[in-house]
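Commentary on secondary and tertiary structure
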Amino acid sequence: RILSSSDDAMHDDRFGEYFKEYQTLLQSWIACVELRDGEHSNAMERCSAVSTEWSGCMLDILCFAVKKAVAYSMIDSFSTSENETASDRDLDLIKEIRGKLKQIRFRSKDESELESLSQKLLLMRVGGIVRVGGTFNCTALSLTFFHLSSRLVELLSFYEVTCQWHEAMLANESGVHESEYFADDEGAQVEAAPSSSKDILLVQTSVSMVSSNQDSLSTSTYDSLEDETQVNIKPVPSRIAFKENKISSLDWSRTILQSVGCVRQALWKYCEQSLIHLVESFSSDSMDLGLQSGQGVDSATSSLHLTYDVFQQFAAFSKHFNGSTADEALCDTLKNNLWKLYRTHLRSVHIEAMKSTGSLLRQESWQLSPINICRTANVTDSKNDQEVGALYEAVKELLLAASPRDLKSGCTFNLTTRSQQRGYKYCTSFATFLQDISDSSEEQVDEAGDGNNYVGACSAEFCSALSPLIESSPCGELTLTLLSTSSADGLLKWVAHLLAIGNDLPLVSADATKAIMTVFDLYFLTVLRICASSRTNEDVLIGLGRGSSVQSLSSSLMSVTMEADACAPLPSEVEGVATLQRFIQHSRRRLDRMVNLDKFQTTDQLSIGSPVNQHKTNALRLEKESAAAFSCLITAIVVDITSNLCNTEDIDKSNDEEDEETLISYAQEVISMAPVFVKQSCHLSAVRSLSGKELIFKIVCCGKAWTDNNFKEYSNDYVDDLCERASLLWGHIASRGRLPPPAQRLMWDHLVRSSFMLLLEGFSKVSTCSTEGRSLMSMDLATLSSGLVPDSVKERLDDSFPNVCVPPSQSRREDSMRYVDTWIKVFFFPEEDAMNWIKQNRDQYHLDHSISLIVAKIPPKGKQIIALKKKAVMDVYNGEQVEFL
């Protein structure tokens, strides 16, 4: 009658009245049992058996109440669903089911109908009889889960009430005032329940009954018990005489209390199983509905977050309910089922994120958009790191705006509200639980994270890579034009969705972190493939070895990666590229069997229509590849911000591996490698736009020009062609204006440097060279240097691009010329001096460049001598002591 009562204002007096009635019922039943003299020869054995029957009947009643709670919770979820429109037919059906549920009594003939009604309601909830706008109502699970958990808390609290009643009766028999076992209005009194006796058989509790005669608990009798009218308690007639009681009232009270305590864990298990069954029923349904719109993803995530918050509350109450018997694995089965459900949702969002981002990258025009950097009191022109900090805040606003909801949901469901409204503060255990959670909430101090504690803002290298790209308008406004369409429309949106899943659903936070990493990996690796055109070029670019053959310097055995070879990191740069190399290798492993990057290998996908000429084609390609490379700086900032927004303290670490990469370590690696990534990608794009492979072939094919003993008056024609290409590339880039001016200046710097590196790469491929040939190389180098002077470039462009500004003057041209010129002059050194120079500068030049200095003097027929010289140079690079004779 207490559980089925519709009165939401239960108070201590009502519970007190029920207690007196329950006490009278129990005492009368014990008195009747005493009449059955001889049924049990052993008095304590009889006491234990009877107590087990009593507690078993109580367990059966509570389990029956759990079944009804499942059905009622689904009905309650219909009535509390927001924005849910059910047809009149559906509402009538729900009303009819509710009426039938009220009529079903414990151990009545229609009790079997309860399961069928619950199944019908479940089909309505999961199967979709009630739908919103033609799509699945994703709040169905969260509402049903909450209402069921709330009712289960009430059931478990009622069980605590019965234990409290038995403790009071035991205290009365022991001479202790029973008021000590009841909570006052504030729930201040706390008394621990006696521990259960292990001598009572638990297996009997789930199937036993009050009496061996089932007729003693007929349907009519139970229906009368559920009547809300007060039962008149009549005294036992004086003419009835009882036999002498062999068991004291104290023994009866103690034994029954122990027996009732033994069903605690069985009842809780039954309650947990009902929640597991509910989650499994919803898990069979598709959780990827609503992915066509961002609102659908966020709505599903918010709904699932509510189930997780309810689970946490239920787990906390379960730990309190089980007391000292609770272990670390409590609620693990339910937790695992929720994890599967959340992972299904995460997987559907992750797949859609990869598909959408990949599609945007394939269709990307690489027309970069500006990001406005707001000036604040903390940002000054004199400090670039402060400008970068302001840039971080601007990008953070973009990330937060990409999701129409907060990245961390707040719970609106309180699992104890129903029990409080129904007066269960009367229960000492429940009142204690409320006080405990109130104290713990007061002790929790919100420690707001430092919003400026970003890895990139503290990195001098990263700030130095970003600062030159920040533009300042005449009115003082700061902008950074590096935001790609695929980042604005795809990357930011899906990262925000996945970040919300990781923050709202800590059970899958580790999986969400991996998903976020793969989305970023897709972006970085796609840009690298666009700039490098092949995986072999990528390997050379990140320092996994040049493709040039050191075994043979014959011009007929040239490497297919000769353009990438010109950009390969020098031995002195290996440590700086190590982070980039490690990042690319890890990213490839994460995307293994997920993405096929070979579709990005051809540059035809990046060309617009049919180019008028090769120079324009190369210019268009250079614009897109360099824009893609520069956009990775913004992507690195997004990674840094995402790691800062990720709630790492909420991550469930039960299944995590010790060496598993976190989003923070991932961000640190990205910030460290990003400047090198952009530099190497832009360098290779510049080499390819200059037709580096064609230039190297022209240098090698000069043939007799390098072995001729006559001095030349003019430089080779390919030098003028190279200067013309570089000038036209600048003309196209500057006239179109697709790249922001700071990026244009940086790309011109890469074009100049690449021109000299290509010249060195071509010279090192010359197998045999005379002194006059070396002089011709010096002439070619001087001609190239003068041809790349800003005024010379402007003069070349007067006819084609008369309105183009002069390219920036920089020291890169002088440094690059000096670097190549030193290498050329070493050819004139004696052998011993040349070897000493190689020893001192082995970190500044590649191995095959140094080998070329020695073997180019030897005639082609001296193969044995060439092999010995090559081995000597290789030993020098390996750090071995070499005596060169």
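What counts, and at which threshold
Residue positions are given per chain, counting from 1 as you read along its sequence in written order. Restriction of local features to residues with pLDDT of at least 70 applies here, the model being predicted, together with a cutoff of 80 or more for giving and counting side-chain atom pairs; totals for whole chains, interfaces and linings are based on all residues. To obtain the side-chain values, all non-hydrogen atoms of the structure were included, while hydrogens and water were left out. By definition, any uninterrupted DSSP run of H or I lasting at least four residues is a helix, any uninterrupted run of E lasting at least two residues is a strand, and each is numbered from the N terminus. Exposed residues in this analysis have more than 50% of their type's maximum accessible area, buried residues have under 20%, and partly exposed residues fall in between, with area computed by a 1.4 Å probe over protein chains only. Contact between two residues is taken to exist if any of their heavy atoms lie within 4.5 Å; hydrogens are not considered. For every accessible area listed, the method is Shrake-Rupley and the probe measures 1.4 Å; residues are considered covered only by the protein chains on display. A pair of strands counts as paired when DSSP detects no fewer than two bridges linking them. Residues with no salt bridge and a relative accessible area higher than 30% make up the patches, which join like charges within 9 Å and nonpolar side chains (Val, Leu, Ile, Met, Phe, Trp, Tyr) within 5 Å. We define a salt bridge as a side-chain nitrogen of Lys or Arg found within 4 Å of a carboxyl oxygen belonging to Asp or Glu. When charges are counted, Lys and Arg contribute as positive and Asp and Glu as negative, whereas His and the chain ends are disregarded. Charge positions are represented by NZ for Lys, CZ for Arg, CG for Asp and CD for Glu. What a helix is expected to span follows from its residue count: subtract one and scale by 1.5 Å. To get an axis, a line is fitted to the C-alpha atoms, and for a helix only the part in contact is used. The angle between two axes follows their N-to-C directions and goes from 0 to 180 degrees. In these notes the angle categories are as follows: under 35 degrees is roughly parallel, over 145 is roughly antiparallel, 65 to 115 is roughly perpendicular, and the rest is oblique. The criterion for an aromatic pair is that two Phe, Tyr or Trp rings (for Trp, the six-membered ring) have centres within 6.5 Å, with stacked assigned to planes under 30 degrees apart, edge-to-face to planes over 60 apart and tilted to the rest. Any Lys NZ or Arg CZ found within 6 Å of a ring centre and within 35 degrees of that ring's normal is scored as a charge over the ring. Within a predicted model, pLDDT stands for the predictor's per-residue confidence, ranging from 0 to 100.

Some words on the overall build of the protein chain
- Each helix and strand in the protein chain was counted, giving 31 helices and three strands.
- When each of the 885 residues of the protein chain is scored for burial, the buried share is 53%.
- Put simply, 83% of the contacts in the protein chain that link residues at least 6 apart link residues at least 24 apart.
- Entry remark: accessible area of the protein chain is about 40400 Å², with carbon and sulfur atoms responsible for 49%.

Here we look at the environment of Trp-730
- Along the chain, the position of Trp-730 falls in helix H24 (residues 717-736).
- Sequence separation between Trp-730 and Cys-805 is 75 residues; the distance between their C-alpha atoms is 9.5 Å.
- If sequence neighbours within four positions are ignored, Trp-730 has contacts with Gln-744, Trp-748, Val-793, Leu-797, Val-804, Cys-805, Val-806, Pro-807 and Pro-808.

Overview of the sheet that holds strand E3 (residues 478-483)
- Pairing within the open sheet is antiparallel, and its three strands lie in the order E1-E3-E2. A single partner strand is all that each edge strand has here, and the edge strands are strand E1 (369-373) and strand E2 (471-472).
- Sheet topology note: the E2/E3 ladder contains two bridges and is antiparallel. Residue pairing across strands places Ser-472 opposite Leu-478, the latter belonging to E3.

Some words on a negative patch on the surface
- On the surface, a cluster of negative charge is made up of Asp-791, Glu-795, Asp-798 and Asp-799.
- Within the secondary structure layout, Asp-791 lies in helix H27 (residues 790-796).

Side note on helix H19 (residues 574-590)
- The terminal C-alpha atoms of H19, which comprises 17 residues, lie 24 Å apart, in line with the 24 Å expected from a rise of 1.5 Å per residue.
- Where H19 is concerned, the buried positions are Val-577, Thr-579, Leu-580, Phe-583, Ile-584, Ser-587, Arg-588 and Arg-590.
- Turning to H19, the residues buried within the fold contact helix H16 (509-532), helix H17 (535-541) and helix H21 (663-689).

What about the packing of helix H10 (residues 332-362) against H16?
- Where H10 meets H16, the axes come as close as 10 Å, and the angle between the chain directions of the two elements is 10°. Accordingly, the angle class assigned to the pair H10 and H16 is roughly parallel. When H10 is examined against H16, the residues Trp-339, Arg-343, Leu-346, His-350, Ala-353, Met-354, Thr-357, Gly-358 and Leu-361 are found in contact with a partner set consisting of Asp-511, Ala-512, Ala-515, Thr-518, Val-519, Leu-522, Tyr-523 and Thr-526.

What to know about the side chain of Arg-264
- Among the secondary structure elements, Arg-264 is positioned in helix H8 (residues 264-283).
- Judged by its relative accessible area of 15%, Arg-264 falls in the buried class.

Examining the pairing of E3
- Of all six residues in E3, six are buried, a share of seventy percent or more.
- Pairing between E1 and E3: five bridges, direction antiparallel. Note that in E3 the partner of Ser-369 across the bridge is Leu-483.
- Turn length for the E2-E3 hairpin, with the two strands adjacent in sequence and antiparallel, is five residues, and the turn residue Gly-476 shows positive phi of about 95°.

As for unusual backbone geometry
- Non-glycine residue Cys-331 carries a positive phi angle of around 70°.
- By secondary structure assignment, the location of Cys-331 is in the loop between helix H9 (294-322) and H10.
- Judged by its relative accessible area of 2%, Cys-331 falls in the buried class.
- The backbone of Ser-533 sits at a positive phi, close to 75°, despite the residue not being glycine.
- As for its position among the elements, Ser-533 is in the loop between H16 and H17.
- Accessibility expressed as a relative area gives 15% for Ser-533, which makes it buried.

Section: the pattern of salt bridges
- Taken as a whole, this structure holds 31 salt bridges when the rule is applied.
- For the salt bridge of Arg-588 with Asp-539, the shortest nitrogen-to-oxygen distance reads 2.9 Å. Remark: Asp-539 occurs in helix H17 and Arg-588 occurs in helix H19; sequence separation between them is 49 residues.
- Residue Glu-623 pairs with Arg-736 through a salt bridge whose shortest N-O separation is 2.8 Å. In this pair, Glu-623 sits in helix H20 (residues 614-645) while Arg-736 sits in helix H24, placing the two residues 113 residues apart along the sequence.
- Through salt bridges with shared partners, a single ionic network connects Arg-529, Glu-538, Asp-539, Arg-588 and Asp-598.

With respect to the packing of aromatic side chains
- The final tally for this structure, using the stated rule, is 22 aromatic pairs.
- Measuring from centroid to centroid gives 4.3 Å for Tyr-819 and Tyr-845, while their planes differ by 5°, and the two rings are stacked. Of this pair, Tyr-819 sits in helix H28 (residues 812-826) while Tyr-845 is found in the loop between helix H29 (831-841) and helix H30 (847-855), placing the two residues 26 residues apart along the sequence. Note on accessibility: Tyr-819 and Tyr-845 belong to one class, buried.
- A cation over a ring is seen here: Arg-264 above Phe-321, with NZ or CZ 4.8 Å from the ring centre.
- Over the ring of Phe-827 we find Lys-857; its NZ or CZ atom is 5.5 Å from the centre of that ring.

Remarks on the confidence of the model for the protein chain
- The pLDDT averaged across the protein chain works out to 80; a share of 77% of its residues lies at or above 70.
- Of the regions scoring below 50 in pLDDT, residues 445-451 engages in three contacts with residues more than four places distant in sequence or in other chains.
- Contacts from residues 603-611, a stretch scored under 50 in pLDDT, to residues over four places away or in other chains number twelve contacts.

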